[in-house]
Amino acid sequence: MTLQQIYFGYFATMMTIISLLVVSRKNPVHSVLWMLVLFVHMAGLYLFLNAEFLAAVQIIVYAGAIMVLFLFVIMLLNLRKEEKEFRLQKQWPVSAVTAVLFLVVLVSILGKITVLPELGEYSIDMINAQGSLMTIGNVLYTKYLLPFEIASVLLLVAIVGAVVLAKKRIE
Amino acid sequence: MVPLNWYIILSAVMFSIGMFGFLSRRNLVIMFICLELMLNAVNVSLVAFSHYLQSINGQILVFFVITVAAAEAAIGLAIIIAYYKNNPTIKVDEINILKG
Amino acid sequence: MSAAEMIGIFIETLIVVSILMLHVSYVVYFERKVIGHMQCRMGPMRVGWHGLLQPIADAIKLFFKEDIIPSQADKPIFYVAPLIGVLAALGSVAVIPMWEGFSIANLNIGILYILALSSVGSYAVILGGWASNSKYSFLGGLRSAAQVISYEIAMGLSLVGVMLMSGSANLSDIVHAQAGHWFIFTQPVAFFVFVIAIFAETNRVPFDMPEAETELVAGYATEYSGIRFGLFFMAEYAGMFVMSAFAVTCFLGGWSGPAFLPGFVWFILKVYAFIFLYFWIRATLPRYRYDQLMGLGWKLFIPLALANVVFTALMKIL
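Residues numbered from 1 in each chain as written. Chains lettered and ligands numbered in written order. Predicted model: local features only at pLDDT ≥ 70, side-chain atom pairs only at ≥ 80, totals over all residues.

Quick notes on the overall build of chain C
Then comes step 1: Secondary structure assignment for chain C yields twelve helices and zero strands.
Then comes step 2: Taken from the N to the C terminus, the helices and strands of chain C come in the order α-α-α-α-α-α-α-α-α-α-α-α.
Then comes step 3: In terms of C-alpha radius of gyration, chain C reaches 20 Å, essentially the compact-globule figure of 20 Å for 318 residues.
Then comes step 4: Projected onto its principal axes, the C-alpha positions of chain C cover 60 × 50 × 50 Å.
Then comes step 5: Every one of the 318 residues in chain C was classed for burial, and the buried ones make up 47%.
Then comes step 6: Intrachain contacts of chain C at a sequence separation of at least 6 include 78% that bridge at least 24 residues. (Helix = DSSP H or I, 4+ residues; strand = E, 2+ residues; numbered from the N terminus. Rg over C-alpha atoms; globule rule 2.2 N^0.38 Å. Buried ≥ 20, exposed ≤ 12 C-beta atoms within 10 Å, placed from the backbone. Contact = placed C-beta atoms within 7 Å.)

Here's the deal with the domain arrangement of chain A
Residue and element names in this part refer to chain A.
Then comes step 1: Each domain of chain A was delimited in the assignment, giving domain 1 (1-84) and domain 2 (124-171).
Then comes step 2: On a C-alpha basis, the centroid separation for the pair domain 1 and domain 2 is 22 Å.
Then comes step 3: With four residues of domain 1 at the interface, the matching set in domain 2 holds five residues.
Then comes step 4: Class assignment of the residues belonging to the side of domain 1 that touches domain 2 gives a composition of two nonpolar, one polar and one charged. (Domains from an automatic or database assignment. Nonpolar A, V, L, I, M, F, W, Y, C, P; charged D, E, K, R; others polar.)

Structural notes on the arrangement of the chains
Then comes step 1: With two pairs of chains in contact overall, the contact-richest pair is chains A and B.
Then comes step 2: As for chain C relative to chain B, no contact occurs, and the smallest C-alpha gap between them is 13 Å.

Here's the deal with the interface of chain B and chain A
Then comes step 1: In this complex, chain B contributes 62 residues to the contact, which on the side of chain A involves 67 residues.
Then comes step 2: Within the residue set of the side of chain B that touches chain A, elements represented by two or more residues are helix H1 (4-24), helix H2 (28-52) and helix H3 (57-86) of chain B.
Then comes step 3: Take the side of chain B that touches chain A: its biggest share by element is 20 residues, from H3(B).
Then comes step 4: Looking at the side of chain B that touches chain A, its residues break down into 45 nonpolar, twelve polar and five charged.

A look at helix H3 (residues 75-91) of chain C
Residue and element names in this part refer to chain C.
Then comes step 1: In this model, H3 (17 residues) spans 25 Å end to end at C-alpha, consistent with the 24 Å of a helix rising 1.5 Å per residue.
Then comes step 2: Helix geometry: H3 is bent most strongly at Ala81, by close to 25°, with proline Pro82 lying one to four residues after it.
Then comes step 3: When we look at burial in H3, the residues that qualify are Phe78, Ala81, Pro82, Ile84, Gly85, Val86, Ala88, Ala89 and Leu90.
Then comes step 4: Its buried side turned inward, H3 meets helix H1 (3-38), helix H4 (110-131) and helix H10 (226-251). (Expected span 1.5 Å × (residues − 1). Bend = angle between axes of the 7 residues up to and from the residue.)

Some details on the packing of H1(B) against H2(B)
All names here are of chain B.
Then comes step 1: It is the contact of H1 with H2, at a shortest axis distance of 8 Å, that shows an interaxial angle of 170°. Accordingly, the angle class assigned to the pair H1 and H2 is roughly antiparallel. In this structure, H1 contributes Leu4, Tyr7, Ile8, Leu10, Ser11, Met14, Phe15, Ile17, Gly18, Met19, Gly21 and Phe22 to the contact, and H2 contributes Ile30, Met31, Cys34, Leu35, Leu37, Met38, Ala41, Val42, Val44, Ser45, Ala48 and Tyr52.
Then comes step 2: For the contact of H1 with H2, a count of residues per class yields 20 nonpolar, four polar and no charged. (Axes fitted to C-alpha atoms, helices over the stretch in contact; angles between N-to-C directions. Parallel < 35°, antiparallel > 145°, perpendicular 65-115°, else oblique.)

A short note on the environment of Leu53(B)
Residue and element names in this part refer to chain B.
Then comes step 1: Summarising the element assignment, Leu53 is placed in the loop between H2 and H3.
Then comes step 2: For Leu53, a count of 17 C-beta atoms within 10 Å gives the class partly exposed.
Then comes step 3: Linking Leu53 and Leu4, residues 49 residues apart in sequence, is a C-alpha distance of 9.7 Å.

Here it is, written out as structure tokens:
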């Protein structure tokens, strides 16, 4: 057991347990909170994998914006009555079996993956020398410029769509 | 050294948990949270691939996944609120008046 | 990293955090004195010489008060909420460079790190308000959620101008890039937007909507008492301290200044000048109305910050 394996082991067990908690809580606010804890753990794992920019974005965008949006919506809806009822739909045994089978298939295939001998140019030393932010910025604004612009249009569409859907209807 | 497979299996476990939640919970908001969980599970595997294959493409893809997740959350929650105004329930098995 | 280095960092952190806590408690004293004198009063005078021991008396009082928990409250979240606030505020100090070559962690993504922690800090208010299970607290929490999301965008966008000017998100590099010309002179619009955004981020007057004493009876903190209220209080003032230090680092040249004083002294002086601005505004301005606050954020500050980004980028190319 090296230090790295212990580190990974901690994150893997915690992330699995927290994922189960997210899925199983009755109160949506508790689900959101466990999701927040999960995001912090994921950011830690990203740091471990030398993706510091993504770790920061994970917290800023997911924890700071998306989950606050979820909390806001949960607080707008009055869910007191629904918290007392059974939390699963009636077909839940079928979905449980489906999910377990899916996991078995995935693990049996993915467990056999080996890393290809030819590696890319972005080694850890190279990213560290340049900085994670600089490396991602360079690639994003040259090679992936068009997808980046399309993503911005997608966000614009989402903003307009959300405003149109949520505003009061004008008779 | 941690093998790549461990990350992939972690990602698969998280994805399956999210999938179970999405298929079985009654609360529409929690279904959305499970969807985010599934997207995040995929992100873990993408970042791990990016690290082990020494290629930056995985991280770029995660960046786009986060963008799409933000757009999806905004639109999805707006739809929930719009529906709730007309019909105050968010239990999916009771949302069945959309029959053509 | 060797064990000795880890212990060294641990001791460094301990020293910085304890000094910060001392400053935080005396910032409260400073605020009461400043506002007192602005209103032709003396401020606290009873405990010690000119009330110098007042913060310690307050801390002891808060420690020994009964910790009341509403019976219908969501207990775990009620317990955790103030701790989130304190941890987020204290965690941000790690990347602030205090003098030439010293910060606990010299991160390349320093700006993003502080933005991330400030967004986590907003959870303390939202969750504290929700978990108290009281109308006023709940309204305070909801207001804070909307306010913090809106103003975080303006704050992030105003910092893009700084990052463009210095070509880095590392706070030490940003201070070095300001040698000769502070960014307050080259980026005045960004500074204006940033200062107003951090007033909203730290929930201070004129944007203290989440706790508005007169309409929401202290908002999210209504149901809190004793040490937990003390933690919220500490989180607010530590947040003010961190945000002032952040503003000083990004716009006012950090530790730099004429050589007759050491860098650390310049840094502290600038931070206290900024904190004085907070108190000055609190003593001067009335509170905003909530819809005006949101309108101001979305219709004025975000477009202004965006225009600043475009203008700075153009100037950088030309």
